[in-house]
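# Structure at a glance
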Protein chains: 2
Amino acid sequence: MLRAAGVPGADAELVADSLVRADLWGHQSHGVLRLGWYVNRLRSGVMSARTSPETVVDAGAVAVLDGHDGVGQVLAAHAAREAVERAGQHGIGAVAVRNSNHFGTAAYFTRMAPPRGCLGFLATNASPAMAPWGGREKAVGSNPWSMAAPLGSGKQMVMDISNTAVARGKIYLARNRGEPIPPDWAMTAAGEPTTDPAEAIAGVIAPMAAHKGYAISVMMDVLSGVLTGSGFGAAVTGPYQSEHRGGCGHFYLALDIAAFLPLPEFTARMDKLVGELKSNPPAPGTAEIFYPGEIEDRAEALARAEGLRLPAQTLADLRRLAAELDVPYTLEGDECA
Amino acid sequence: MLRAAGVPGADAELVADSLVRADLWGHQSHGVLRLGWYVNRLRSGVMSARTSPETVVDAGAVAVLDGHDGVGQVLAAHAAREAVERAGQHGIGAVAVRNSNHFGTAAYFTRMAPPRGCLGFLATNASPAMAPWGGREKAVGSNPWSMAAPLGSGKQMVMDISNTAVARGKIYLARNRGEPIPPDWAMTAAGEPTTDPAEAIAGVIAPMAAHKGYAISVMMDVLSGVLTGSGFGAAVTGPYQSEHRGGCGHFYLALDIAAFLPLPEFTARMDKLVGELKSNPPAPGTAEIFYPGEIEDRAEALARAEGLRLPAQTLADLRRLAAELDVPYTLEGDECA
């Protein structure tokens, strides 16, 4: 479908893989649910199907790329490769991306660093979703950020969070599933609590951890929007509409672990840390303690073995989109949903 | 008092200034309240009064320092200077510190970067304070982290947070003030909620934002403990005892803003972001919306104009400590408390 919308083959594969991986990890809010939105943005022209990043700054450990409104996933993957390569030369590499678009799930890109001996960090800004602490109108994005570090035996520890009390995509998913949301996720546009996902989408999401989440989210915009020379604050628009260019910025940092200490020593230390966490006595009601990223790996293994169950609304949307794009729809197991 | 405990003059001034600044910012939990703990650690010998960092790795944009159990503040300031200098040469500089000690308030050190045209980031690990998500025994530190970026006219935007629902120092302060704590700050050692600060100190503090704070805190330990070659997880001990070496690690990152875009353009963009945040319509009960770090600057200006009010217990502790060290106690306005 992405190819039918004009995205070159390798880029289309990357975007598709990133969406399916999010579904496999159990983050359906960031999965194929989003394909229609991306296609709409390609068709309206606010996102360019052909992504050609321009290197604006090329200065040793640092690079700045202008994405010229290309596909967010393609630009984020480019930044990851570029940062890892610069880290290999300088011990650390930072790549700032301006004028990009929503890239899906940040962990997809930070997970590219550990197989190359690096610790990966990625922050992005996003369209306003929260009020500043004490305010009542949308002005601060969820501004997700992620870190990934290698463990022994090819595994990774991965953190990927949005600074809102909940990722906006989870509210869309609740709407698609016809389910209510918890009362502390969001306020209505009038500033009242709500359990109605539609009212929450029109309203304001709360920050995680109150004023702390507000401060973290603003700082992630400083890194990914202000410093990169991209849009920031109210100038960023999300993938949920197809009228305005994204203006999104990303900041990717790669640390070459071997520049700090031998990589096998690092992974042995990571495995020790994981062992400490997992051997903690579980609280009543908890079967097992997980290190960051472990739940996603488990979910992926299970989904690869048993298949993936998508909401009926998501499948219906995909089917309709395929028809619109005149692409044969051959999703196996569709009848399961 | 620090000089009387063997700390060289300039280092003693740095530590004293960092503690008083925390009090001025309104963070009394990280202020002179802590002096006695540091002195106890110097007297027992688990912290060295003379701090002589050894450069273990010196590789362009990256350095690793071994603090050899020296004073945390002195090592963090050293890392800040070193990272800013390397950023000036390479666009970005990362300094990892191993075998250090508690350094007080992280913002004291990130605030050193913006006057030199840099964005500063600092993370540290700390002694276990929280259970891993789903667990019930202390295994994860509060692992504070801070970022500071320049605004126009010499001001800064500053974030400084601990990943616990509350900084442990605030529980000590409540104990010193004889006040109860909110029920969602901590659990007792048996896993029960409590409003008694003494029970909370013996128990387990909750992470901010539930599983998100857990993941962030573990990742800050990966940066500041695992990657630096320092202690991590259970191997880190806090300043509240004087029997064990700290084992603390720090990770300082400086980004030279001019390597990404012209500094005046950056500060103009920051001022625009601040303007957007501050002009948000306030929610009922809010008089003014603050950008991160603004409250601390306001508090400092007020305290410098009107003086600082410290709890009676903190003043009594300082008086006793001065007598023990045979240092004249001449704190002006002590009678105000």
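Use the structure listed above.
Note that the structure is predicted; figures quoted are calculated from it, not measured.

This next bit is on the overall build of chain A. Looking only at helices and strands, chain A has ten helices and eleven strands in total. Computed over C-alpha atoms, the radius of gyration of chain A comes to 20 Å, within 12% of the 20 Å expected from 2.2 N^0.38 for 337 residues, which places it in the range of a compact globule. Here the C-alpha coordinates of chain A stretch approximately 55 × 50 × 50 Å along the principal axes. For chain A, the proportion of its 337 residues judged to be buried stands at 61%. In the form shown here, chain A has an accessible surface area of approximately 12600 Å², with 53% of it arising from carbon and sulfur atoms. In chain A, 28 positive and 35 negative side-chain charges are present, and the distance between their average locations comes to 1 Å.

A few words now on the relation of the copies chain A and chain B. For the pair chain A and chain B, the superposition axis carries a translation of 0.0 Å, the fit reaches an RMSD of 0.0 Å, and the rotation angle comes to 180°. What we have between these two chains is a two-fold relation. For chain A, the residue whose C-alpha comes nearest the rotation axis is A:Ala209, separated from it by 2.4 Å. Mapped onto chain B, 100% of the interface residues of chain A are again interface residues, and the two copies thus contact each other with one and the same surface.

Ranked by internal contacts, the top residues of the largest apolar core, which has 103 residues, are A:Trp145, A:Met157, A:Phe260, B:Trp145, B:Met157 and B:Phe260. In this view, B:Phe260 contacts A:Val57, A:Val62, A:Val64, A:Ala94, A:Ala96, A:Arg98, A:Leu227, A:Phe251, B:Gly91 and B:Leu255; residues no more than four positions away in its chain are not counted.

To continue, consider the sheet that holds strand S8 (residues 156-161) of chain B. Residues and elements named next belong to chain B. With mixed pairing, the seven strands of this open sheet are ordered in space as S1-S2-S3-S11-S4-S7-S8. The open sheet has two edge strands with one neighbour each: strand S1 (54-59) and S8. Pairwise comparison of adjacent strand axes, ignoring direction, gives a mean angle of 10° for this sheet. Alignment of strand S4 (residues 118-124) against strand S11 (residues 248-256), held across seven bridges, turns out to be antiparallel.

What follows is about the packing of aromatic side chains. Per the counting criterion, the structure on display carries 15 aromatic pairs over all chains. Where A:Phe121 meets A:Trp145, the ring centres are 6.3 Å apart and the plane angle is 50°; that geometry is what we call tilted. Remark: A:Trp145 occurs in strand S7 (residues 145-150) and A:Phe121 occurs in strand S4 (residues 118-124); sequence separation between them is 24 residues. By relative accessible area, which is 0% here, A:Trp145 ends up buried. Geometrically, the ring pair formed by B:Tyr108 and B:Phe109 is edge-to-face, given 5.1 Å between the ring centres and 80° between the ring planes. Residue classification places B:Phe109 among the buried residues on the basis of a relative accessible area of 0%. Through successive ring pairs, a cluster of aromatic residues spans A:Phe121, A:Trp145, B:Phe121 and B:Trp145.

Residue and element names in this part refer to chain A. Counting buried positions along helix H5 (residues 168-177) yields seven of ten residues, so the element is predominantly enclosed. Among all positions of H5, only Arg168, Gly169, Ile171, Tyr172, Leu173, Ala174 and Asn176 are buried. Buried positions along H5 lie against helix H2 (35-44), strand S5 (128-130), helix H6 (197-202), strand S10 (204-205) and helix H10 (312-324). Positive backbone phi, at 70°, marks Gly178, one or two positions downstream of H5.

The next point concerns the interface of chain A and chain B. Contacts between chain A and chain B engage 77 residues on the former and 77 residues on the latter. For the pair chain A and chain B, the two sides together bury roughly 5900 Å², of which 74% comes from carbon and sulfur. The interface formed by chain A and chain B includes zero salt bridges. Scanning the region where chain A abuts chain B turns up 26 residue pairs in polar contact (both at pLDDT 80 or more). Breaking the side of chain A that touches chain B down by element, the ones donating at least two residues are strand S1 (54-59), strand S2 (62-66), strand S3 (92-100), S7, strand S8 (156-161), helix H7 (211-226), strand S11 (248-256) and helix H8 (263-278) of chain A. Ranked by residue count, the leading element in the side of chain A that touches chain B is H7(A), at twelve residues. Broken down by class, the residue content of the side of chain A that touches chain B amounts to 56 nonpolar, twelve polar and nine charged.

To continue, consider the environment of B:Arg320. Residues and elements named next belong to chain B. Take Arg320: it is sitting in helix H10 (residues 312-325). The sequence separation of Arg320 and Gly36 amounts to 284 residues, and the corresponding C-alpha distance is 9.4 Å. Within the structure, the side chain of Arg320 is placed 3.3 Å from the side chain of Asp317, a separation counted as a polar contact.

Let's shift gears to the side chain of B:Asn143. Residues and elements named next belong to chain B. Mapped onto the elements, Asn143 comes out in the loop between strand S6 (140-141) and strand S7 (145-150). Side-chain polar atoms of Asn143 contact the backbone nitrogen of Ala126, separated by 3.0 Å. The contacts of Asn143, once residues within four sequence positions are left out, are Thr124, Asn125, Ala126, Asn163, Ser217, Met220 and Asp221.

Quick notes on the rules
- Residues numbered from 1 in each chain as written.
- Chains lettered and ligands numbered in written order.
- Predicted model: local features only at pLDDT ≥ 70, side-chain atom pairs only at ≥ 80, totals over all residues.
- Heavy atoms only, no water.
- Helix = DSSP H or I, 4+ residues; strand = E, 2+ residues; numbered from the N terminus.
- Rg over C-alpha atoms; globule rule 2.2 N^0.38 Å.
- Buried < 20%, exposed > 50% of the residue type's maximum accessible area, 1.4 Å probe, protein only.
- Areas by Shrake-Rupley, 256 points an atom, 1.4 Å probe, with all protein chains shown as cover.
- Lys, Arg positive; Asp, Glu negative; His and termini not counted.
- Charge placed at Lys NZ, Arg CZ, Asp CG, Glu CD.
- Least-squares fit on C-alpha atoms with pLDDT ≥ 70 in both.
- Contact = heavy atoms within 4.5 Å.
- Core = buried A, V, L, I, M, F, W, Y, C linked by side-chain atoms within 4.5 Å.
- Pairing = 2+ DSSP bridges.
- Axes fitted to C-alpha atoms, helices over the stretch in contact; angles between N-to-C directions.
- Phe/Tyr/Trp six-rings, centres within 6.5 Å; stacked < 30°, edge-to-face > 60°.
- Buried area = accessible area lost by both parts, 1.4 Å probe.
- Salt bridge = Lys/Arg side-chain N within 4 Å of Asp/Glu carboxyl O.
- Polar contact = N/O pair within 3.5 Å; in protein donor to acceptor, adjacent residues only side chain to side chain.
- Nonpolar A, V, L, I, M, F, W, Y, C, P; charged D, E, K, R; others polar.

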